[in-house]
Amino acid sequence: MAHRIAVLALETSIAFDFGTATHIFSALPDDYELLVCSPDRRPVRTTGGYTMTFDHGLEVLRDADTVLVPGTRYPPARQEGRLEPAVHEALTTTKASRIMSICTGAFVLGAAGILDGRPATTHWSATESFRALYPKVELNPDVLFVDDGDVLTSAGVAAGIDLCLHVIRSDHGSEIANQVARYCVVPAWRQGGQSQFVHRPVPDDPDSSTAPARAWALDRLDEPLELSALAGQARMSVRTFTRRFRAETGMSPGRWLTQQRVERARHLLESTDLPIDQVARHAGFGTGAALRQQLAASIGVSPTAYRQTFRTA
């Protein structure tokens, strides 16, 4: 049976966020059933200048497996710290095993009390108003998304794509998530702890970018890669390279390299029968013990458990 996702629209809905939620999961129609809804099935205006109509009301939240609230300018939650009674009841009585928000959808979860005492994030520009309205939430405005088990929140706009792909990866493994990313023509993975606001995403001078060094490293993940070698590929000093790398990616070269190696290991565990030690060597971790340590730190499972869960036929 397909996993049922109820997507709740509240006026005024952020068009990009709503489209992200529906488009990403609809790429796997055999695995996810999407039910888009609004209170009383009423039309909802969007920031894109159009109005959406709905076949479902709040009743679909009750039996959904996942409830997802995209970004919204919904005044009760954004300005007053409350919800309409029917919306509050629907969110707090749902049987869903997972509740998600994208961007300012976190205000709605905050108003429902779902985020009290939990870590969460939202769009960085809404930090001040969110903290004023929902002081019980452990807000972290410096990350792309927060996975707190049964409650997940993302930062603004494109970070919603990262969260949806993260959920697909958790449900079905990295190979399927990568296929969806390719279909949607978006990067396959940006780690949730990556900074929301990258100060220098596009270098003023293309020749000063660290992108060629990153591409060079991706072709050699199974080899020892020293920081000095990466800097040399970019024709920069180590200090300059490290500074520009962080400005372009939001993380240090070492952290980025570990992230890429974990992703390579996950792919190999899903798509090959290679022994764990060989997966570790191909991914650049050297030993099975090192792979086990890095995989446990990244996704909380052992290589064997991951393979058993996500091995493709």
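Owing to the predicted nature of the structure, the values given are computational and were not obtained by experimental measurement. (Residues numbered from 1 in each chain as written. Predicted model: local features only at pLDDT ≥ 70, side-chain atom pairs only at ≥ 80, totals over all residues. Heavy atoms only, no water.)

Draft legend 1. Focus on the UniProt feature "domain: HTH araC/xylS-type" (unreviewed entry) in the chain. Taking the UniProt record as the reference, the feature "domain: HTH araC/xylS-type" (unreviewed entry) is found at residues 211-309. Across residues 211-309, helical content stands at 74% and strand content at 0%; the span's end C-alpha atoms are separated by 34 Å. (UniProt positions renumbered as here; feature names shortened; annotations may be inferred. Helix = DSSP H or I, 4+ residues; strand = E, 2+ residues; numbered from the N terminus.)

Draft legend 2. Quick look at the environment of Arg281. Within the secondary structure, Arg281 sits in helix α12 (residues 276-283). Since its relative accessible area comes to 45%, Arg281 is described here as partly exposed. Those residues in contact with Arg281, other than ones at most four positions away along the chain, are Asp222 and Gly286. (Buried < 20%, exposed > 50% of the residue type's maximum accessible area, 1.4 Å probe, protein only. Contact = heavy atoms within 4.5 Å.)

Draft legend 3. Unusual backbone geometry, seen in detail. Here Glu11 and Thr12 are connected by a cis peptide whose omega angle stands at -5°. The residue Thr12 is located in the loop between β1 (3-8) and α1 (15-26) in this model. With a phi close to 55°, Arg41 is a non-glycine residue in the positive phi region. Tracing the backbone shows Arg41 in the loop between β2 (32-37) and β3 (44-45). Even without glycine at this site, Arg235 takes up a positive phi of about 60°. Overall, the relative accessible area of 81% leaves Arg235 in the exposed class.

Draft legend 4. Structural detail: the nonpolar core. Residues Leu8, Leu61, Leu83 and Leu91 are the most contacted members of the largest nonpolar core, which totals 34 residues. Of all elements in the fold, only β1, β2, β5 (66-69), α3 (85-93) and α4 (105-111) reach the threshold of two or more residues within this core. The dominant element in this core, judged by the number of residues it contributes, is α4, at five residues. Discounting residues that sit within four places of it in the chain, Leu83 has contacts with Tyr74, Pro76, Ala77, His88, Leu91, Val108, Ala111 and Ala112. Among the nonpolar cores identified, the runner-up in size contains 31 residues, and Val7, Leu68, Ala155 and Ala177 belong to it. (Core = buried A, V, L, I, M, F, W, Y, C linked by side-chain atoms within 4.5 Å.)

Draft legend 5. Highlighting the domain arrangement of the chain. Split into domains, the chain comes out as domain 1 (3-184) and domain 2 (210-312). A separation of 31 Å is found between the C-alpha centroids of domain 1 and domain 2. Taken together, the nine residues of domain 1 in the interface contact six residues of domain 2. Approximately 600 Å² of surface area, both sides summed, lies buried where domain 1 meets domain 2, with 45% of it carried by carbon and sulfur atoms. Area buried by domain 1 at its contact with domain 2 is led by Arg169, Ser174 and Glu175, which between them contribute 65% of it. Linking domain 1 to domain 2 there are zero salt bridges. Where domain 1 packs against domain 2, one counts five residue pairs in polar contact (both at pLDDT 80 or more). Of all the secondary structure elements, the ones that give two or more residues to the side of domain 1 that touches domain 2 are α6 (159-172) and α7 (174-184). Across the side of domain 1 that touches domain 2, the residue classes break down as one nonpolar, five polar and three charged. (Domains from an automatic or database assignment. Buried area = accessible area lost by both parts, 1.4 Å probe. Salt bridge = Lys/Arg side-chain N within 4 Å of Asp/Glu carboxyl O. Polar contact = N/O pair within 3.5 Å; in protein donor to acceptor, adjacent residues only side chain to side chain. Nonpolar A, V, L, I, M, F, W, Y, C, P; charged D, E, K, R; others polar.)

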